[in-house]
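Listed here are the chains, written in short residue letters.
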Amino acid sequence: MKRFLFSLAATLFLFAGASNAFAQGLSVESLLDKAVSLTQKGDKAGTADALTQGVSALEKEAKSSDGSLKDKLLGKAGDLKSMIPLASSGKLSGGALGKVVNAVKMLIGANRISGLLGKGESGLLGNAAGLTSSLGLIKAGSSILGGSNQTKLNGLLGEATKTVSGLDKKGPAAKLAAAASSKQLGSIVSLVSSAL
């Protein structure tokens, strides 16, 4: 009986640890998407909780990053933090939150790319999946730009997505992809930086 209780306690302990790890394992963008979705459902406490976790994750990522958009990310974290009391009282509109979240997605994507660009060729080679994911984040938030900036950015994103796929190849083909994508990715980072 004692052994059974011990194994039950151990199982429960492991389960609690796993669910906590799951909450910590959610990316900044997932937490913020969750906050937007809960706002639309009118879940005040849920929105405030997801926002609080999202802000904390965003600050952590910004502070530990070596990308060029660190300060802009911290600024957006401040904007989101000021929305938490509004979320708690049910006065936060999904549209207002969605706009800031889209800006954050673009900045996170551009900042992650900027960090890899800072490492030169070694930051790009073999990193096609990570870069594609970051480009996807920028694309997901780009609707807030509108006009010529959005058109220009979408063009750059289309080109870069094609070039980046070559970074997982071997030999000269990968080096050519690194040279081409480095230029395109640099243009994307500077466009996002100047537009936001």
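Each chain has its residues counted from 1, running along the sequence as written. In keeping with the model being predicted, local features are shown solely for residues with a pLDDT of at least 70 and side-chain atom pairs are shown and tallied solely at 80 or more, while totals for entire chains, interfaces and linings include all residues. Remark: hydrogens and water are excluded; side-chain values derive from all non-hydrogen atoms of the structure.

Core analysis: the largest hydrophobic core is formed by 51 residues, its most contacted members being Leu51, Leu80, Leu97, Ile138, Leu153 and Ile188. Contributing elements (two or more residues each) for this core: helix H2 (28-41), helix H3 (44-63), helix H4 (70-89), helix H5 (94-117), helix H7 (128-141), helix H8 (147-164) and helix H9 (171-195). Under the scheme used here, helices are H or I runs from DSSP no shorter than 4 residues and strands are E runs no shorter than 2 residues, and both carry numbers assigned from the N terminus. When residues of this core are assigned to their parent elements, the largest contribution, ten residues, is made by H5. The contact partners of leucine 153, leaving out residues within four places of it in the chain, are Met106, Ile138, Ser142, Leu145, Ile188, Leu191 and Val192. Buried residues of nine kinds, namely Ala, Val, Leu, Ile, Met, Phe, Trp, Tyr and Cys, make up a nonpolar core once their side-chain atoms join them within 4.5 Å. The buried label applies to any residue whose accessible area, calculated with a 1.4 Å probe on protein chains only, is under 20% of its type's maximum; exposed applies above 50%, and partly exposed to all values in between. Pairs of residues are marked as contacts when any of their non-hydrogen atoms sit within 4.5 Å.

Averaged over every residue, the pLDDT of the protein chain is 88; residues scoring 70 or more account for 87%. Known as pLDDT, the predictor's per-residue confidence is scaled from 0 to 100. Taken as a whole, residues 4-24 scores under 50 in pLDDT and shows one contact with residues more than four places along the chain or in a different chain.

In this section: the side chain of serine 142. Tracing the chain through its elements places serine 142 in the loop between H7 and H8. Residue serine 142 is classed as buried on the basis of its relative accessible area of 3%. In this structure, serine 142 is in contact with Met106, Gln150, Leu153 and Asn154, ignoring residues within four places of it in sequence.

A separate point is the packing of H7 against H9. To get an axis, fit a line to the C-alpha atoms, keeping to the stretch in contact for a helix; angles then go from 0 to 180 degrees between the N-to-C directions. Interhelical geometry of H7 versus H9 gives an angle of 30 degrees and a closest axis separation of 12 Å. As for how H7 packs across H9, the hand of that crossing is left-handed. Note on element contacts: H9 touches H7 through Leu185, Ile188 and Val192, opposite Leu131, Leu135 and Ile138. Residue composition of the contact of H7 with H9, by class: six nonpolar, no polar and no charged. By convention the crossing between two helices is left-handed if the near helix lies anticlockwise of the far one by an angle smaller than a right angle, and right-handed if it lies clockwise. The classification used treats Ala, Val, Leu, Ile, Met, Phe, Trp, Tyr, Cys and Pro as nonpolar, Asp, Glu, Lys and Arg as charged, and all other residues, Gly among them, as polar.

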